[in-house]
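Examination of the molecular architecture
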Amino acid sequence: MRLDDDSESQNVEDRRGSGMGGLPIGPGGIGVGTVVLALVAWYFGIDPSVVINGARMIEQQAPASAPAGKPLSSDVKEDATAHFVAKVLNDTEKTWHQVFREAGRDYEEPKLVLFRGATQTACGAGQAAMGPFYCPLDRKVYIDLSFYDELRQRFHAPGDFAEAYVIAHEVGHHVQNLLGISDRVHQAQQRASKTQANALSVRLELQADCLAGVWANRANAARKILESGDVDQALRAATAIGDDTLQKQSRGVVVPESFTHGTSEQRVRWFRQGLDSGSVVQCDTFKAAQL
């Protein structure tokens, strides 16, 4: 990606040197904040058990007394990734400001929080095991940069554009939140069966993939950010984190009724839909007869 000369977003909150502090979690149990985040996780297609089980261990895992703002360790590679993420966020801001202006609306920029291990959110206790996630209550994207190691090593999807796709997808959830789509989906899920709720979650996630593609299209048209091989990196990442691929790896079987993000093929297709069209209108997964 060509972002070397770009500035970094001012909306990055670096908590990597901070402890959890004040989590509403008691010995052997979970707090209200964790329950809230588990519900939000389910809403956005993340397995809530990851939050519940991990919350019970956070007090032992998280450094409680690290001074705020002071890195826990010096990691030049991680710091370089942090600067890259800030540049990607800045580029998404440019793109979505333009898209919203064209629609006669104002774009409200999200915050992006860097953390290590675990952190507090307006949705409850967030942890690295969840992967990157968006909290609609505080309008912040959260990421532990160690996820990118997992993206390279476990998912075999290296590359800076693969990393950018991850951020753009979460920013896509922020766009959905601003447009009121997330609220409408959540309300529909509350009236639906678990299978129907999962199906709505899939459509929400695939739309976020499409919106990530819209960003890539518009950013490249305006600033020529893409280089040879970049798109393939994002497609490999989308393929690697499809529900069917992940279930085959972890369970050995595929259970379509439990999908929350979409198959690898669907994630690739909808990212490409946004990338090829550059149009938010083309990202209406909720009206699509076939995903």
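Here, every reference points to the structure presented above.
Notes on the structure follow. (Residues numbered from 1 in each chain as written. Predicted model: local features only at pLDDT ≥ 70, side-chain atom pairs only at ≥ 80, totals over all residues. Heavy atoms only, no water.)

Remarks on the state of the cysteines
Put simply, the rule is: By convention in this document, the label disulfide applies to cysteine sulfur atom pairs within 2.5 Å. Under the scheme used here, helices are H or I runs from DSSP no shorter than 4 residues and strands are E runs no shorter than 2 residues, and both carry numbers assigned from the N terminus. Buried residues are those whose accessible area, probed at 1.4 Å on protein chains only, stays under 20% of the maximum for their type, while exposed residues exceed 50% and partly exposed ones sit between those limits.
For the structure on display, the rule yields two disulfides. Here C123 engages in a disulfide with C135; their sulfurs sit 2.0 Å apart. Torsion about the S-S bond of the C123 and C135 cystine: about 90 degrees, corresponding to right-handed handedness. With C123 in the loop between β3 (118–121) and β4 (124–127) and C135 in strand β5 (residues 133–135), the pair connects residues that are twelve residues apart, well separated along the chain. The residues C123 and C135 share a single accessibility class, namely buried. The side chain of C210 participates in a disulfide bridge whose partner is C283; the two sulfur atoms lie 2.0 Å from each other. Because the torsion about its S-S bond is -75 degrees, the bridge between C210 and C283 counts as left-handed. With C210 in helix α8 (residues 194–223) and C283 in the segment after α11 (264–277), the pair connects residues that are 73 residues apart, well separated along the chain. C283 shares its class with C210; the two are buried. Ordering the disulfide-forming cysteines of the protein chain by sequence position, one finds them joined as 1-2, 3-4.

A word on helix α7 (residues 181–190)
Here is the rule: For this quantity, the arc is that covered by the directions from the helix axis to the C-beta atoms.
Where α7 is concerned, the buried positions are I181, S182, V185 and Q189. Within α7, the buried residues cover an arc of 95 degrees as seen down the axis, which keeps them to one side. Exposed positions of α7 whose direction lies more than 90 degrees from the buried face are R184 and Q190.

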